[in-house]
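Analysis of the macromolecular model
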Amino acid sequence: MKISRIAVASLGLFATTAFAQSSVTLYGVADAGIEYLSNVPSASPGGSNQVRMTSCNMSTSRWGLRGVEDLGGGLKAIFELESGISFDTGAQNNSTRLFDRSAFVGLGSKYGQLTLGRQTTPMYDTTLQLDPMGFAPRYSLFKMDDVLAGRADNAIKYRGIFSGLTVTGLYSFSRTGGGEVPGNYKVDRNMGVSLMYETGALAVGAVYDEIQGSTVATADRKDRRALIGASYAFGPAKAFIGYRWYNGNVGALPTNGSNIYWAGLRYGLTPALTLTGAAYYTDSRNSGADPFLFVASADYAFSKRTDVYMNVGYALNRGNSQLGMNGFNSTTGSPTNVVPGKDQTGVVVGVRHKF
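The text that follows walks through the structure, step by step, so that each part is easy to find. Owing to the predicted nature of the structure, the values given are computational and were not obtained by experimental measurement.

Side note on the environment of methionine 133
Mapped onto the fold, methionine 133 is located in the loop between helix H2 (122-130) and strand S8 (151-162). With a relative accessible area of 7%, methionine 133 lands in the buried category. The sequence separation of methionine 133 and alanine 296 amounts to 163 residues, and the corresponding C-alpha distance is 9.1 Å.

Considerations on the pattern of salt bridges
All told, the structure shown has 14 salt bridges when counted by the stated rule. We note a salt bridge from aspartate 220 to lysine 186, for which the minimum N-O separation is 3.2 Å. You can see aspartate 220 sitting in the loop between strand S11 (202-212) and strand S12 (222-234) and its partner lysine 186 sitting in the loop between strand S9 (165-172) and strand S10 (190-199), a full 34 residues away along the chain. For lysine 186, a relative accessible area of 28% gives the class partly exposed. Bridged by salt links that share partners, the residues Arg62, Glu82 and Arg101 form one connected network.

Some details on the pairing of S12
Within a regular beta strand, the side chains point alternately toward one face of the sheet and then the other, so they alternate between its two faces. In the sheet, S11 pairs with S12 via 11 bridges, with the strands oriented antiparallel. Among the inter-strand pairings, glutamate 210 is bridged to a residue of S12, identified as arginine 224. Across 12 bridges, the pairing between S12 and strand S13 (residues 237-248) is antiparallel. Within S13, the position partnered with phenylalanine 234 by the bridge is alanine 237. What sits between the antiparallel neighbours S12 and S13 is a turn of two residues, in which glycine 235 has the positive phi angle 60°.

What to know about the packing of aromatic side chains
In this structure the tally under the stated criterion is 10 aromatic pairs. Ring plane angle 5° and centroid distance 5.7 Å describe the contact between phenylalanine 292 and phenylalanine 294, whose orientation is recorded as stacked. The exposure class of phenylalanine 294 is partly exposed, given its relative accessible area of 36%. Counting every residue linked through ring pairs, the aromatic cluster contains Tyr243, Tyr261, Tyr281, Phe292 and Phe294. The lysine or arginine in question, arginine 66, covers the ring of tyrosine 27, its NZ or CZ lying 4.0 Å from the ring centre. The ring of tyrosine 124 is capped by arginine 151, whose NZ or CZ atom sits 5.1 Å from the centre of that ring.

Rules and cut-offs
Residues numbered from 1 in each chain as written. Predicted model: local features only at pLDDT ≥ 70, side-chain atom pairs only at ≥ 80, totals over all residues. Heavy atoms only, no water. Helix = DSSP H or I, 4+ residues; strand = E, 2+ residues; numbered from the N terminus. Buried < 20%, exposed > 50% of the residue type's maximum accessible area, 1.4 Å probe, protein only. Salt bridge = Lys/Arg side-chain N within 4 Å of Asp/Glu carboxyl O. Pairing = 2+ DSSP bridges. Phe/Tyr/Trp six-rings, centres within 6.5 Å; stacked < 30°, edge-to-face > 60°. Lys NZ or Arg CZ within 6 Å of the ring centre and 35° of its normal.

What follows is the structure in C-alpha coordinates.
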(Lines give C-alpha, C1' and ligand atoms only; values in the text may rest on other atoms or scores of the structure.)
Protein backbone atom coordinates (compact mmCIF):
# COMPACT_ATOMS: atom_id res chain seq x y z
CA MET A 1 0.00 0.00 0.00
CA LYS A 2 2.84 2.35 0.93
CA ILE A 3 4.63 1.59 -2.35
CA SER A 4 1.46 2.37 -4.31
CA ARG A 5 1.09 5.69 -2.54
CA ILE A 6 4.71 6.59 -3.28
CA ALA A 7 4.21 5.64 -6.95
CA VAL A 8 1.06 7.75 -7.20
CA ALA A 9 2.78 10.69 -5.50
CA SER A 10 5.75 10.39 -7.86
CA LEU A 11 3.43 10.26 -10.88
CA GLY A 12 1.64 13.38 -9.65
CA LEU A 13 4.96 15.17 -9.22
CA PHE A 14 6.00 14.16 -12.72
CA ALA A 15 2.69 15.41 -14.19
CA THR A 16 3.05 18.71 -12.34
CA THR A 17 6.57 19.14 -13.68
CA ALA A 18 5.50 18.33 -17.23
CA PHE A 19 2.60 20.78 -16.99
CA ALA A 20 4.90 23.51 -15.73
CA GLN A 21 7.03 23.14 -18.85
CA SER A 22 4.15 23.69 -21.26
CA SER A 23 1.16 26.01 -21.52
CA VAL A 24 -1.89 26.69 -23.67
CA THR A 25 -3.41 30.19 -23.73
CA LEU A 26 -6.92 31.13 -24.78
CA TYR A 27 -6.99 34.69 -26.17
CA GLY A 28 -9.05 36.95 -28.37
CA VAL A 29 -10.46 40.34 -29.33
CA ALA A 30 -14.10 41.49 -29.34
CA ASP A 31 -14.70 44.60 -31.48
CA ALA A 32 -18.09 46.02 -32.53
CA GLY A 33 -19.52 49.45 -33.33
CA ILE A 34 -22.14 51.58 -35.08
CA GLU A 35 -21.20 53.01 -38.49
CA TYR A 36 -22.58 55.74 -40.74
CA LEU A 37 -21.78 55.69 -44.49
CA SER A 38 -22.77 58.06 -47.28
CA ASN A 39 -23.39 57.27 -50.96
CA VAL A 40 -24.00 53.56 -50.46
CA PRO A 41 -25.57 51.87 -53.54
CA SER A 42 -29.33 51.43 -53.13
CA ALA A 43 -32.59 51.53 -55.05
CA SER A 44 -32.10 55.29 -55.31
CA PRO A 45 -30.08 56.15 -58.46
CA GLY A 46 -27.70 58.40 -56.53
CA GLY A 47 -27.25 56.04 -53.61
CA SER A 48 -28.33 56.48 -49.98
CA ASN A 49 -26.92 56.99 -46.51
CA GLN A 50 -26.64 53.94 -44.27
CA VAL A 51 -26.43 53.35 -40.51
CA ARG A 52 -25.47 49.84 -39.45
CA MET A 53 -23.78 47.73 -36.79
CA THR A 54 -20.34 46.45 -37.75
CA SER A 55 -17.75 44.09 -36.32
CA CYS A 56 -13.99 44.21 -36.88
CA ASN A 57 -13.43 47.98 -37.01
CA MET A 58 -10.16 48.68 -35.18
CA SER A 59 -9.24 45.00 -34.85
CA THR A 60 -10.54 41.81 -36.38
CA SER A 61 -12.77 40.13 -33.79
CA ARG A 62 -11.31 36.71 -33.08
CA TRP A 63 -10.48 33.96 -30.62
CA GLY A 64 -7.54 31.63 -30.59
CA LEU A 65 -5.41 29.04 -28.83
CA ARG A 66 -1.67 29.48 -28.52
CA GLY A 67 0.61 26.85 -27.02
CA VAL A 68 4.27 26.39 -26.14
CA GLU A 69 6.28 23.50 -24.69
CA ASP A 70 9.83 23.82 -23.37
CA LEU A 71 11.87 20.99 -24.93
CA GLY A 72 15.08 21.91 -23.13
CA GLY A 73 18.35 23.34 -24.41
CA GLY A 74 16.63 26.55 -25.53
CA LEU A 75 14.34 24.64 -27.93
CA LYS A 76 10.56 24.93 -27.74
CA ALA A 77 7.54 23.61 -29.62
CA ILE A 78 4.81 26.11 -30.56
CA PHE A 79 1.38 26.09 -32.16
CA GLU A 80 -1.42 28.55 -32.90
CA LEU A 81 -5.06 28.23 -33.98
CA GLU A 82 -7.03 31.44 -34.61
CA SER A 83 -10.59 32.00 -35.85
CA GLY A 84 -12.30 35.23 -36.93
CA ILE A 85 -15.76 36.12 -35.54
CA SER A 86 -18.40 38.66 -36.59
CA PHE A 87 -19.61 40.03 -33.26
CA ASP A 88 -22.64 41.68 -34.84
CA THR A 89 -24.07 38.26 -35.79
CA GLY A 90 -21.97 35.69 -33.91
CA ALA A 91 -21.03 33.97 -37.18
CA GLN A 92 -17.58 32.84 -38.24
CA ASN A 93 -15.88 35.34 -40.54
CA ASN A 94 -15.16 32.48 -42.93
CA SER A 95 -17.94 29.90 -43.28
CA THR A 96 -15.65 27.29 -44.85
CA ARG A 97 -12.73 27.52 -42.40
CA LEU A 98 -12.90 27.29 -38.64
CA PHE A 99 -9.37 28.61 -38.17
CA ASP A 100 -9.28 31.11 -41.04
CA ARG A 101 -6.69 33.42 -39.49
CA SER A 102 -3.96 30.94 -38.54
CA ALA A 103 -3.27 27.24 -38.05
CA PHE A 104 0.38 26.36 -37.64
CA VAL A 105 2.89 24.34 -35.63
CA GLY A 106 6.65 24.65 -35.37
CA LEU A 107 9.85 24.94 -33.39
CA GLY A 108 11.62 27.95 -31.92
CA SER A 109 15.09 28.62 -30.54
CA LYS A 110 17.55 31.48 -30.12
CA TYR A 111 18.25 31.16 -33.85
CA GLY A 112 14.64 31.91 -34.80
CA GLN A 113 11.26 30.30 -35.30
CA LEU A 114 10.28 27.84 -38.06
CA THR A 115 6.57 27.11 -38.53
CA LEU A 116 4.36 25.11 -40.91
CA GLY A 117 0.71 25.72 -41.84
CA ARG A 118 -1.61 28.67 -42.58
CA GLN A 119 0.19 31.87 -41.60
CA THR A 120 0.43 35.62 -42.14
CA THR A 121 2.83 36.69 -44.86
CA PRO A 122 5.92 38.88 -44.31
CA MET A 123 3.98 41.62 -46.13
CA TYR A 124 1.30 41.52 -43.43
CA ASP A 125 3.81 41.41 -40.55
CA THR A 126 5.71 44.44 -41.85
CA THR A 127 2.74 46.59 -42.89
CA LEU A 128 1.13 46.06 -39.49
CA GLN A 129 3.97 48.05 -37.90
CA LEU A 130 4.16 50.81 -40.53
CA ASP A 131 0.52 51.90 -40.86
CA PRO A 132 -0.45 54.82 -38.56
CA MET A 133 -3.91 53.24 -38.13
CA GLY A 134 -2.35 49.97 -36.96
CA PHE A 135 -3.64 48.16 -40.04
CA ALA A 136 -7.24 48.30 -38.80
CA PRO A 137 -9.70 46.22 -40.90
CA ARG A 138 -11.43 49.48 -41.96
CA TYR A 139 -10.32 53.12 -42.33
CA SER A 140 -6.68 52.13 -42.90
CA LEU A 141 -4.00 51.06 -45.38
CA PHE A 142 -5.58 47.59 -45.40
CA LYS A 143 -8.51 48.92 -47.48
CA MET A 144 -6.18 50.30 -50.15
CA ASP A 145 -4.93 46.77 -50.98
CA ASP A 146 -6.40 43.71 -49.24
CA VAL A 147 -3.43 41.53 -50.23
CA LEU A 148 -1.23 43.55 -47.86
CA ALA A 149 -3.05 41.64 -45.09
CA GLY A 150 -2.06 38.38 -46.75
CA ARG A 151 -2.28 34.89 -45.32
CA ALA A 152 -0.97 31.79 -47.04
CA ASP A 153 -1.99 28.16 -46.76
CA ASN A 154 0.58 25.35 -47.00
CA ALA A 155 3.34 27.73 -45.93
CA ILE A 156 6.72 27.29 -44.32
CA LYS A 157 7.83 30.44 -42.49
CA TYR A 158 11.02 31.55 -40.74
CA ARG A 159 11.31 34.50 -38.36
CA GLY A 160 14.51 35.47 -36.58
CA ILE A 161 15.37 38.44 -34.37
CA PHE A 162 18.99 39.52 -34.16
CA SER A 163 19.52 42.57 -31.95
CA GLY A 164 17.33 45.21 -33.63
CA LEU A 165 16.94 43.35 -36.94
CA THR A 166 13.95 41.06 -37.64
CA VAL A 167 14.25 38.78 -40.67
CA THR A 168 11.18 36.97 -42.03
CA GLY A 169 10.80 34.63 -44.99
CA LEU A 170 7.86 32.60 -46.29
CA TYR A 171 7.31 30.02 -49.03
CA SER A 172 3.81 28.68 -49.76
CA PHE A 173 3.32 25.60 -51.91
CA SER A 174 -0.34 26.56 -52.50
CA ARG A 175 -1.40 29.96 -51.15
CA THR A 176 -5.18 29.64 -51.50
CA GLY A 177 -5.43 26.04 -50.36
CA GLY A 178 -6.39 24.60 -53.75
CA GLY A 179 -3.61 22.06 -53.38
CA GLU A 180 -0.26 21.47 -54.97
CA VAL A 181 -0.36 20.35 -58.63
CA PRO A 182 1.85 17.35 -59.52
CA GLY A 183 4.46 18.32 -62.10
CA ASN A 184 3.90 22.09 -61.76
CA TYR A 185 5.33 23.64 -58.60
CA LYS A 186 4.53 27.20 -59.75
CA VAL A 187 0.73 26.92 -59.46
CA ASP A 188 -0.59 29.13 -56.64
CA ARG A 189 2.90 29.68 -55.24
CA ASN A 190 3.57 32.58 -52.84
CA MET A 191 6.99 33.83 -51.73
CA GLY A 192 7.89 36.72 -49.46
CA VAL A 193 10.78 38.16 -47.48
CA SER A 194 11.05 41.14 -45.15
CA LEU A 195 13.54 43.06 -43.03
CA MET A 196 12.55 45.27 -40.10
CA TYR A 197 15.19 47.27 -38.24
CA GLU A 198 14.40 49.06 -34.98
CA THR A 199 16.82 51.22 -33.04
CA GLY A 200 15.63 53.62 -30.39
CA ALA A 201 12.85 55.80 -31.76
CA LEU A 202 13.37 54.74 -35.39
CA ALA A 203 11.89 51.74 -37.20
CA VAL A 204 12.49 50.99 -40.90
CA GLY A 205 10.97 48.10 -42.83
CA ALA A 206 11.13 46.68 -46.34
CA VAL A 207 9.31 43.69 -47.84
CA TYR A 208 8.86 41.87 -51.16
CA ASP A 209 5.95 39.56 -52.02
CA GLU A 210 5.25 37.46 -55.13
CA ILE A 211 2.09 35.51 -55.98
CA GLN A 212 1.63 33.23 -59.01
CA GLY A 213 -1.56 32.19 -60.79
CA SER A 214 -3.75 29.63 -59.06
CA THR A 215 -4.32 27.39 -62.12
CA VAL A 216 -2.04 25.56 -64.55
CA ALA A 217 -3.09 27.99 -67.30
CA THR A 218 -2.05 31.03 -65.22
CA ALA A 219 0.93 29.55 -63.35
CA ASP A 220 3.45 31.76 -65.18
CA ARG A 221 1.60 34.97 -64.31
CA LYS A 222 2.80 36.96 -61.31
CA ASP A 223 1.56 39.61 -58.93
CA ARG A 224 4.56 41.34 -57.36
CA ARG A 225 4.53 43.83 -54.50
CA ALA A 226 7.30 45.72 -52.74
CA LEU A 227 6.85 47.98 -49.75
CA ILE A 228 9.08 50.26 -47.71
CA GLY A 229 8.21 52.45 -44.76
CA ALA A 230 9.43 54.00 -41.55
CA SER A 231 8.20 55.33 -38.23
CA TYR A 232 9.83 57.71 -35.79
CA ALA A 233 8.78 58.41 -32.20
CA PHE A 234 9.41 61.78 -30.55
CA GLY A 235 7.93 62.49 -27.15
CA PRO A 236 4.26 61.42 -27.09
CA ALA A 237 4.07 61.42 -30.92
CA LYS A 238 4.95 58.90 -33.60
CA ALA A 239 5.19 59.74 -37.31
CA PHE A 240 4.72 57.26 -40.18
CA ILE A 241 5.54 57.30 -43.87
CA GLY A 242 5.49 54.59 -46.53
CA TYR A 243 5.26 53.47 -50.16
CA ARG A 244 3.93 50.31 -51.83
CA TRP A 245 4.70 49.32 -55.45
CA TYR A 246 2.60 46.76 -57.34
CA ASN A 247 2.69 45.22 -60.79
CA GLY A 248 0.98 42.06 -61.96
CA ASN A 249 -1.09 40.10 -64.43
CA VAL A 250 -2.64 37.32 -62.34
CA GLY A 251 -6.04 39.03 -62.46
CA ALA A 252 -8.41 39.45 -65.39
CA LEU A 253 -6.48 42.36 -66.91
CA PRO A 254 -3.33 41.59 -68.97
CA THR A 255 -1.37 44.11 -66.93
CA ASN A 256 -2.25 45.93 -63.77
CA GLY A 257 -0.18 48.20 -61.56
CA SER A 258 -0.43 50.90 -58.94
CA ASN A 259 1.49 52.83 -56.31
CA ILE A 260 0.28 53.66 -52.81
CA TYR A 261 1.73 56.48 -50.70
CA TRP A 262 0.82 57.20 -47.10
CA ALA A 263 1.75 59.34 -44.12
CA GLY A 264 0.34 59.83 -40.66
CA LEU A 265 0.84 60.91 -37.09
CA ARG A 266 -0.19 59.19 -33.85
CA TYR A 267 -0.23 61.37 -30.72
CA GLY A 268 -0.75 60.38 -27.08
CA LEU A 269 -2.67 63.38 -25.75
CA THR A 270 -2.95 61.71 -22.34
CA PRO A 271 -1.94 58.24 -21.09
CA ALA A 272 -5.47 57.08 -21.98
CA LEU A 273 -6.36 59.16 -25.07
CA THR A 274 -4.61 58.62 -28.42
CA LEU A 275 -5.31 60.71 -31.54
CA THR A 276 -4.34 59.59 -35.04
CA GLY A 277 -4.43 61.27 -38.44
CA ALA A 278 -3.55 59.55 -41.71
CA ALA A 279 -3.68 60.14 -45.47
CA TYR A 280 -3.48 57.46 -48.18
CA TYR A 281 -3.16 58.00 -51.94
CA THR A 282 -3.47 55.38 -54.70
CA ASP A 283 -1.87 56.11 -58.08
CA SER A 284 -3.31 53.68 -60.63
CA ARG A 285 -0.86 53.50 -63.50
CA ASN A 286 -2.28 54.18 -66.97
CA SER A 287 -5.47 55.51 -65.37
CA GLY A 288 -6.81 58.70 -63.83
CA ALA A 289 -8.73 56.72 -61.17
CA ASP A 290 -6.53 57.89 -58.29
CA PRO A 291 -8.39 58.20 -54.97
CA PHE A 292 -7.39 59.65 -51.60
CA LEU A 293 -8.46 58.33 -48.19
CA PHE A 294 -8.26 60.66 -45.17
CA VAL A 295 -8.76 59.29 -41.64
CA ALA A 296 -8.97 60.85 -38.17
CA SER A 297 -9.21 58.61 -35.12
CA ALA A 298 -9.64 59.03 -31.35
CA ASP A 299 -9.10 56.07 -29.01
CA TYR A 300 -9.71 56.14 -25.24
CA ALA A 301 -8.39 53.26 -23.13
CA PHE A 302 -10.26 52.46 -19.93
CA SER A 303 -7.64 49.79 -19.23
CA LYS A 304 -5.02 47.74 -21.04
CA ARG A 305 -7.81 45.48 -22.28
CA THR A 306 -10.78 47.74 -22.98
CA ASP A 307 -11.04 50.88 -25.11
CA VAL A 308 -13.60 52.91 -27.04
CA TYR A 309 -12.92 54.63 -30.35
CA MET A 310 -14.30 56.95 -33.00
CA ASN A 311 -12.98 56.93 -36.57
CA VAL A 312 -13.94 59.47 -39.22
CA GLY A 313 -12.98 58.80 -42.83
CA TYR A 314 -13.40 60.54 -46.18
CA ALA A 315 -12.74 58.83 -49.52
CA LEU A 316 -12.12 61.33 -52.33
CA ASN A 317 -12.68 59.53 -55.63
CA ARG A 318 -11.10 60.93 -58.80
CA GLY A 319 -11.37 59.80 -62.40
CA ASN A 320 -14.32 57.53 -61.61
CA SER A 321 -12.37 55.62 -58.97
CA GLN A 322 -14.51 53.55 -56.59
CA LEU A 323 -12.96 53.60 -53.11
CA GLY A 324 -15.13 53.36 -50.00
CA MET A 325 -14.46 52.84 -46.30
CA ASN A 326 -14.61 49.10 -46.93
CA GLY A 327 -12.27 49.08 -49.93
CA PHE A 328 -12.56 49.27 -53.68
CA ASN A 329 -15.64 48.14 -55.60
CA SER A 330 -14.98 44.88 -57.39
CA THR A 331 -16.47 42.82 -60.18
CA THR A 332 -15.05 39.57 -58.77
CA GLY A 333 -17.58 38.92 -56.03
CA SER A 334 -16.70 41.56 -53.43
CA PRO A 335 -19.55 43.81 -52.27
CA THR A 336 -20.17 47.19 -53.87
CA ASN A 337 -19.18 49.75 -51.24
CA VAL A 338 -19.85 53.13 -52.86
CA VAL A 339 -21.68 54.56 -55.86
CA PRO A 340 -19.07 54.68 -58.68
CA GLY A 341 -17.48 58.11 -58.96
CA LYS A 342 -19.01 59.36 -55.70
CA ASP A 343 -17.05 60.32 -52.60
CA GLN A 344 -17.83 58.64 -49.30
CA THR A 345 -17.89 59.81 -45.69
CA GLY A 346 -17.75 57.25 -42.93
CA VAL A 347 -18.00 57.50 -39.14
CA VAL A 348 -17.76 54.55 -36.77
CA VAL A 349 -18.01 54.53 -32.96
CA GLY A 350 -17.29 51.32 -31.10
CA VAL A 351 -15.83 49.38 -28.20
CA ARG A 352 -13.00 46.84 -28.21
CA HIS A 353 -12.08 44.32 -25.51
CA LYS A 354 -9.02 42.07 -25.51
CA PHE A 355 -8.86 38.89 -23.47
